[in-house]
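These are the residues of each chain, in order.
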Amino acid sequence: MRKYPGYFITLEGGEGCGKTSRIPHLAESLRQKGLDVMTVREPGGTSIGEQIRIVLHDGNNTEMHPRAETLLYQASRAQIVEQLLIPRLNEGYIILCDRFADSTLAYQGFGHQRDIQEIKTLITYATGGLTPDLTILIDLDPEIGAERKRINNSEWNRMDRMPPDFYERVREGYLKMAAEDPIRWVVIDGNKYPLDIHTELLNITEGRLIIAGFIESSLRRIER
Ligand code: TMP
């Protein structure tokens, strides 16, 4: 049962999985269907959140403890939830969010091997209980993701400097969460061509938005 008139979609995945470059295209395709769409990213998305992002991703902050790291992500999250996400959801927007609370479970929980229940408690506090209506995981072998980042000369930050087994645990954590809640989560194979990933993302979101009553089904149009 949705709590807000809008619809909250999150995209998740490891480094270099391609979600960040796909989001603007997905947003554009949904806007062409007449929907009000907002795209945001985490950490960040607000002035305060972007300042926290700088601290979190600064490669010089090598001494940052995983608990401090976890709390900083939650501080950025609490701000975006209250300042942006809930107000827009109340206005009926479709929100496409590049990462959300599941990133904390995957990276700080599974990656750093911290207590998952404790982190869930922090997440509930930070989000005030806001949960995505749909989460799409773009699954990719972390080695391939890292190679893509190298080839594309993508931005590297403090979170890109963990040992390889960290990213393996992140991937396994994501797949575990997706398997445990197949109603909220959908998994896409990140090895596919970008255009195929776009088509899949659009089909998944359209399907959900038809069920939620945001888009009219083409079948229903034909019946008339
Ligand atoms: P990105 O914007 O390039 O995806 O970078 C975000 C980085 O921050 C990425 O390495 C994942 C990490 N991250 C966490 O570790 N925990 C979180 O809760 C979030 C939102 C991101």
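Residues numbered from 1 in each chain as written. Predicted model: local features only at pLDDT ≥ 70, side-chain atom pairs only at ≥ 80, totals over all residues. Heavy atoms only, no water.

Per an unreviewed UniProt entry, the protein chain carries the name Thymidylate kinase and comes from Candidatus Woesebacteria bacterium RIFOXYD1_FULL_43_18. The heading Function (unreviewed entry) in the UniProt record of the protein chain holds the text "Phosphorylation of dTMP to form dTDP in both de novo and salvage pathways of dTTP synthesis." Of the protein chain, the UniProt comment under Sequence similarities (unreviewed entry) reads exactly: "Belongs to the thymidylate kinase family." (UniProt positions renumbered as here; feature names shortened; annotations may be inferred.)

(A) Representation of the overall build of the protein chain in the model. Along the backbone of the protein chain there are nine helices and five strands. Helices and strands in the protein chain line up, N terminus first, as β-α-β-α-α-β-α-α-β-α-α-β-α-α. For 224 residues, the compact-globule formula gives about 17 Å, and the C-alpha radius of gyration of the protein chain, at 17 Å, lands near that figure. Once the C-alpha set of the protein chain is aligned to its principal axes, its extents read approximately 65 × 35 × 30 Å. Counting over 224 residues, the protein chain shows a buried share of 48%. Counted over contacts in the protein chain with a minimum sequence separation of 6, partners at least 24 positions apart contribute 78%. On the protein chain, roughly 11500 Å² of surface is accessible, and the fraction owed to carbon and sulfur atoms is 53%. (Helix = DSSP H or I, 4+ residues; strand = E, 2+ residues; numbered from the N terminus. Rg over C-alpha atoms; globule rule 2.2 N^0.38 Å. Buried < 20%, exposed > 50% of the residue type's maximum accessible area, 1.4 Å probe, protein only. Contact = heavy atoms within 4.5 Å. Areas by Shrake-Rupley, 256 points an atom, 1.4 Å probe, with all protein chains shown as cover.)

(B) Here's a closer look at the layout of surface pockets. Considered as a void within the structure, the largest pocket measures approximately 840 Å³ in volume. Lining the largest pocket are 34 residues, and of these Gly-16, Lys-19, Thr-20, Arg-99 and Lys-149 sit closest to its centre. When residues of the lining of the largest pocket are traced back to their parent elements, those giving at least two are helix H1 (19–31), helix H2 (47–57), helix H3 (66–90), helix H4 (101–111), helix H6 (142–151) and helix H8 (194–211). Its residues assigned to classes, the lining of the largest pocket shows nine nonpolar, 12 polar and 13 charged. (1 Å grid on protein atoms, 1.4 Å probe; cavity = no way out; pocket = protein on both sides within 12 Å on 5 of 7 lines; lining within 4 Å. Points joined across faces, edges and corners; volume = space filled by probe spheres on them. Nonpolar A, V, L, I, M, F, W, Y, C, P; charged D, E, K, R; others polar.)

(C) Representation of the UniProt feature "domain: Thymidylate kinase-like" (unreviewed entry) in the protein chain. UniProt marks residues 11–200 with the feature "domain: Thymidylate kinase-like" (unreviewed entry), using the numbering shown here. Across residues 11–200, the secondary structure splits into 56% helix and 12% strand, with the terminal C-alpha atoms separated by 13 Å.

(D) Structural detail: the site of the ligand. The ligand sits among 14 residues. The nearest are Glu-15, Arg-53, Arg-99, Thr-104 and Gln-108. Between the ligand and the protein, one listed contact pairs an oxygen atom with a side-chain N or O atom of Arg-77 at 3.0 Å. Here Thr-104 contributes a side-chain N or O atom positioned 2.6 Å from an oxygen atom of the ligand. Protein coverage of the free-state accessible area of the ligand, which is 480 Å², stands at 93%. The site holding the ligand turns out to be the largest pocket. Counting residues per element, the ones that place at least two in the shell around the ligand are H2, H3 and H4. At four residues, H4 tops the list of elements feeding residues into the shell around the ligand. (Near = heavy atom within 4 Å. Polar contact = N/O pair within 3.5 Å; in protein donor to acceptor, adjacent residues only side chain to side chain. Sits in = over half its atoms within 2 Å of the grid points.)

(E) Molecular detail of the sheet that holds strand S2 (residues 37–41). Read from one edge of the open sheet, five strands run S2-S3-S1-S4-S5, paired in parallel fashion. On the outer flanks of this sheet lie S2 and strand S5 (185–189), each paired with one strand and no other. Neighbour-to-neighbour, the strand axes of the sheet open up by a mean angle of 20°, direction not taken into account. For S2 and strand S3 (residues 94–98), the ladder comprises five bridges, and the chain directions are parallel. (Pairing = 2+ DSSP bridges. Axes fitted to C-alpha atoms, helices over the stretch in contact; angles between N-to-C directions.)

(F) Highlighting the packing of H1 against H8. Put simply, H1 and H8 touch, their axes get as near as 10 Å, and they point 45° apart. Classified by the angle between their axes, H1 and H8 sit oblique to one another. Between H1 and H8 lies a crossing whose hand is right-handed. On H8, the residues touching Arg-22, His-25, Leu-26, Ser-29 and Leu-30 of H1 are Pro-194, Ile-197, His-198, Leu-201, Leu-202, Thr-205 and Leu-209. (Parallel < 35°, antiparallel > 145°, perpendicular 65-115°, else oblique. Left-handed = near helix turned anticlockwise from the far one by under 90°.)

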